[in-house]
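# Structural characterization, general
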Amino acid sequence: MSGVTIRPMRDADGPTVLALYQAGLDGGDASFEPAAPSWGVFDAGRLAAHRLVAVGPDDAVLGWVAVTAVSSRPVYAGVVEHSLYVDPAARGRGVGRTLLEALIRSTEAAGIWTIQSGVFPENEASLALHRACGFRTVGVRERVGRHAARDNRWRDVVFLERRSPVVG
Ligand SMILES: CC(C)(COP(=O)(O)OP(=O)(O)OC[C@H]1O[C@@H](n2cnc3c(N)ncnc32)[C@H](O)[C@@H]1OP(=O)(O)O)[C@@H](O)C(=O)NCCC(=O)NCCS
């Protein structure tokens, strides 16, 4: 999309990345997590090679994507789980799609074969975006957790994965 560039996330992006993370959580349909972590926790948990930000012409961060390893077992070395957050003011303009496509390129180039994610069924934008990028629904986890920020109610999670057609 015009005017938006993808580049690696830098430590200096941390405050904005965490602010966008919190804005997404505050929307109530992104994650069970109530609050964004500290930068130290974020940094320790996400693979350094696949942290990307989308920036505007002024280098302002519009969104980010990052992955965590799902297991320390060698057999799952090529399986990651991702998080994707776009500034509420920049949504619906293709930023999320640009980030997710960049993540797919980045992970495939590194030999990662599966990206997975859990999405609330109410998160129509996320479901539409992931399906458009080749993710399939593995299944729906029913009433899998209670959402503290949503009156502690039990919520389903749609479990999605994208198995790379080019890796392996
Ligand atoms: C989900 C999210 C990342 C999407 O980012 P975005 O930049 O708004 O998405 P895009 O503009 O790239 O849209 C991608 C596709 O999703 C579709 N889409 C976007 N918003 C939609 C909506 N509200 N309802 C239905 N479809 C929608 C678009 O039609 C688009 O498809 P297209 O490329 O064929 O036109 C963004 O809404 C967000 O940050 N939400 C809060 C955090 C979150 O929920 N993250 C995901 C956790 S699993």
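The coordinates are above.
Right, let's walk through the structure included here.

What counts and how
Residues numbered from 1 in each chain as written. Predicted model: local features only at pLDDT ≥ 70, side-chain atom pairs only at ≥ 80, totals over all residues. Heavy atoms only, no water. Salt bridge = Lys/Arg side-chain N within 4 Å of Asp/Glu carboxyl O. Helix = DSSP H or I, 4+ residues; strand = E, 2+ residues; numbered from the N terminus. Buried < 20%, exposed > 50% of the residue type's maximum accessible area, 1.4 Å probe, protein only. Pairing = 2+ DSSP bridges. Axes fitted to C-alpha atoms, helices over the stretch in contact; angles between N-to-C directions.

### Considering the pattern of salt bridges
- Within this structure, the stated rule accounts for 10 salt bridges.
- Here Arg 97 ties to Glu 101 by a salt bridge, and the two come within 3.0 Å at their closest N and O atoms. With a gap of 4 residues between them, Arg 97 and Glu 101 both fall in helix H3 (residues 95-109), about one helical turn apart.
- The class for Arg 97 is partly exposed, based on a relative accessible area of 39%.
- For Glu 108, the salt bridge goes to Arg 162, with nearest N and O atoms at 2.9 Å. Residue Glu 108 is found in helix H3, and its partner Arg 162 is found in strand S7 (residues 153-163); the two are separated by 54 residues along the sequence.
- For Arg 162, a relative accessible area of 14% corresponds to the buried category.

### Topic: the sheet that holds strand S4 (residues 79-86)
- Spatially, 7 strands are ordered S1-S2-S3-S4-S5-S7-S6 in an open sheet, and the strand pairing comes out mixed. A single partner strand is all that each edge strand has here, and the edge strands are strand S1 (5-8) and strand S6 (136-147). Averaged over all pairs of adjacent strands, the angle between strand axes in this sheet comes to 25 degrees, irrespective of strand direction.
- Bridge count for S4 against strand S5 (residues 114-119) is 3 bridges, and the pairing is parallel.

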